[in-house]
Amino acid sequence: MGKTIAIVNQKGGVGKTTTSVNLTAALCEKGKKVLLCDFDPQANATSGFGIDKRKLKHSIYNVVIDGVPAKEAIITTKYGDVLPSTPDLAGAAIELISSEYREHQLEKCLEPIKDLYDVILIDCPPSLEMLTLNGLAAADSILVPVQCEYYALEGLSDLMSTMRMVKRRINPKLEIFAVALTMYDGRTNFSAQVAQEVRRHFPGKVFATAIPRNIRLSEAPSHGLPVTAYDKSSKGAVAYRAMAEEMIQKL
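The residue count restarts for each chain, going from 1 along the sequence in the order it is written. In keeping with the model being predicted, local features are shown solely for residues with a pLDDT of at least 70 and side-chain atom pairs are shown and tallied solely at 80 or more, while totals for entire chains, interfaces and linings include all residues. Based on all heavy atoms of the structure, the side-chain values leave hydrogens and waters out of the count.

Novice: Tell me about the overall build of the protein, and please be specific about residues and values.
Specialist: Put simply, DSSP H or I for four residues or longer makes a helix, DSSP E for two residues or longer makes a strand, and each gets a number counted from the N terminus. When helices and strands are counted, the protein shows 12 helices and seven strands. Along the first, second and third principal axes, the C-alpha atoms of the protein reach 50 × 40 × 30 Å. Residues count as neighbours in contact if any of their non-hydrogen atoms are within 4.5 Å of one another. Considering only intrachain contacts with a sequence separation of at least 6, the fraction spanning at least 24 residues in the protein is 78%. Methods summary: accessible areas were calculated by the Shrake-Rupley approach with a probe of 1.4 Å, and residue burial reflects only the protein chains presented. As presented, the protein carries roughly 11200 Å² of accessible surface, and 50% of it is formed by carbon and sulfur atoms. Charge assignment: positive for Lys and Arg, negative for Asp and Glu; neither His nor the chain ends contribute. All charge positions are set by atom: Lys at NZ, Arg at CZ, Asp at CG, Glu at CD. Looking at charge distribution, the protein has the averaged site of its 30 positive side-chain charges lying 4 Å from that of its 28 negative ones.

And the structure:
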């Protein structure tokens, strides 16, 4: 059975979707069978794989709310399989509130396909609400992207509190898989100081590879491509390949 990892940080702009898309592609490139479940109503991971969210027959919304089997909504790309999202998913957070076992709806939907994949990555929204709780309930562990900037650790205590609550009440097996340092600028002492601080807070959990600030990483989504396909020799592509290698070792 594959490992299900929720990529989560309630702070926006930390490279969560960038990490979701590019780790999926890099793991796929290394021969792993990977599914990226886009569980964010912004659907940026979906468009990051060149999928037009306006032309979908089914999305994760239909899977969770309408009972469409996950297998029927999955789109296969050259860079990994995607369970796509649309802005409709924003309404699911409200619709789930009245559901029985509301935090476990995504888990229930992914259960029949877990054996088909080595890794399922869930791109969660940048908030700690019902959709994110579903992502945490469905996951074996979490991967937390942390940007190497001044407010990096702000809000992480809230995330850890939520994780402890989920572990206590909803998903006892949940653990931290890894912390990924993003937007690292090797020219500044400040990035190094933030990285050191994050490693102190999460001993043994931080990937050795830090994802650098890289223009190619910013450009790739507008072309509907992961950076490993858009510019395979760029610093961003090299870093995500190295991080995927670390992931495989940890798995």
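Novice: Tell me about the nonpolar core, and please be specific about residues and values.
Specialist: In globular proteins that are soluble, nonpolar side chains generally tend to be buried together. Ranked by internal contacts, the top residues of the largest apolar core, which has 52 residues, are Phe39, Ile60, Leu83, Leu106, Ile122 and Ile142. Take this core: its biggest share by element is six residues, from helix α7 (residues 130–138). Residues belong to one nonpolar core when they are buried, are Ala, Val, Leu, Ile, Met, Phe, Trp, Tyr or Cys, and are joined through side-chain atoms within 4.5 Å. Each residue is assigned to one of three classes by its accessible area relative to the maximum for its type, calculated with a 1.4 Å probe on protein chains only: buried under 20%, partly exposed between the two thresholds, exposed over 50%. If you look at the next biggest cluster of nonpolar residues, it comprises 32 residues, including Leu27, Leu56, Val82 and Ala237.

Novice: Which residues make up the packing of aromatic side chains, and what are the values?
Specialist: For Phe, Tyr and Trp, where Trp contributes only its six-membered ring, two rings pair if their centres lie within 6.5 Å, and the inter-plane angle classes them as stacked under 30 degrees, edge-to-face over 60, or tilted in between. Tallying each qualifying case throughout the model produces two aromatic pairs. Between the aromatic rings of Phe177 and Phe207, the centroid separation amounts to 6.5 Å while the plane-to-plane angle is 70°, which identifies the pairing as edge-to-face. Placement of the pair is Phe177 in strand β7 (residues 175–182) and Phe207 in the loop between α9 (189–201) and α10 (215–219), with a sequence separation of 30 residues. Across this residue pair, the class does not change: Phe177 and Phe207 are buried. Placement of a charge over a ring requires the Lys NZ or Arg CZ to be within 6 Å of the ring centre, with the centre-to-atom vector within 35 degrees of the ring normal. It is Lys250 that lies over the ring of Phe177; its NZ or CZ is 5.4 Å from the centre.

Novice: Describe the pairing of strand β2 (residues 34–38), listing the residues and the values that go with them.
Specialist: One face of the sheet, then the other: side chains in a regular strand alternate in exactly this way. Of all the five residues making up β2, five are buried; the element is thus mostly covered by neighbouring parts of the structure. Here β2 shows no split at all, with Val34, Leu36 and Asp38 on one side and Leu35 and Cys37 on the other all buried. Here the rule is simple: two strands pair whenever DSSP picks up at least two bridges between them. With five bridges joining them, β2 and strand β5 (residues 119–123) adopt parallel strand pairing. Looking at β5, one finds that Val34 is bridged to Val119. Two elements, β2 and strand β4 (residues 80–83), share three bridges in a ladder whose sense is parallel.

Novice: Help me get a handle on the pairing of β4, residues and values and all.
Specialist: Bridge analysis of strand β3 (residues 75–77) against β4 gives three bridges, and the strand direction is antiparallel. Bridge pairing in β4 places Thr77 opposite Gly80. Once β3 ends, the chain turns through two residues before running back antiparallel as β4.

Novice: Any chance you could break down the environment of Ile122 for me, citing the residues and the numbers?
Specialist: Tracing the chain through its elements places Ile122 in strand β5. Taking the relative accessible area as the measure of exposure, Ile122 reaches 0% and is therefore buried. Counting along the chain gives 87 residues from Ile122 to Leu35, while the straight-line C-alpha distance between them is 8.5 Å. Setting aside residues no more than four positions away along its own chain, Ile122 makes contact with Thr4, Ile5, Ala6, Ile7, Cys37, Phe39, Leu106, Leu110, Gly135 and Ala138.

Novice: So, the pattern of salt bridges: which residues are in play, and what are the values?
Specialist: We count a salt bridge whenever a side-chain nitrogen from Lys or Arg sits within 4 Å of a carboxyl oxygen from Asp or Glu. Overall, the coordinates contain 15 salt bridges when judged by the stated rule. Note that Lys16 and Asp40 form a salt bridge whose closest N and O atoms lie 3.8 Å from each other. Residue Lys16 is found in helix α1 (residues 16–29), and its partner Asp40 is found in the loop between β2 and α2 (44–48); the two are separated by 24 residues along the sequence. Considered together, Lys16 and Asp40 belong to a single accessibility category, that of buried residues. The structure contains a network of salt bridges with shared partners spanning Lys16, Asp40 and Asp123.

Novice: Give a detailed account of the sheet that holds β4, specifying residues and quantitative values.
Specialist: Judged by pairing direction, the sheet is mixed, and its seven strands sit side by side in the order β3-β4-β2-β5-β1-β6-β7 without closing on themselves. Every interior strand has two partners, whereas the edge strands, β3 and β7, have only one. Strand-to-strand twist in this sheet, taken as the mean axis angle between neighbours without regard to direction, amounts to 25°. With three bridges joining them, strand β1 (residues 3–7) and strand β6 (residues 141–147) adopt parallel strand pairing. In the sheet register, Ala6 faces β6, and the bridge partner there is Ile142. Axes, fitted as lines to C-alpha atoms, cover a helix only where it is in contact. Angles between the N-to-C directions of the axes lie from 0 to 180 degrees. The strands touched by α9 within the sheet are β6 and β7, with β7 carrying the most contacts at an inclination of about 175°. Along the sheet, helix α12 (residues 235–250) contacts β1, β5, β6 and β7; its crossing angle with β7, the most-contacted strand, is approximately 165°.

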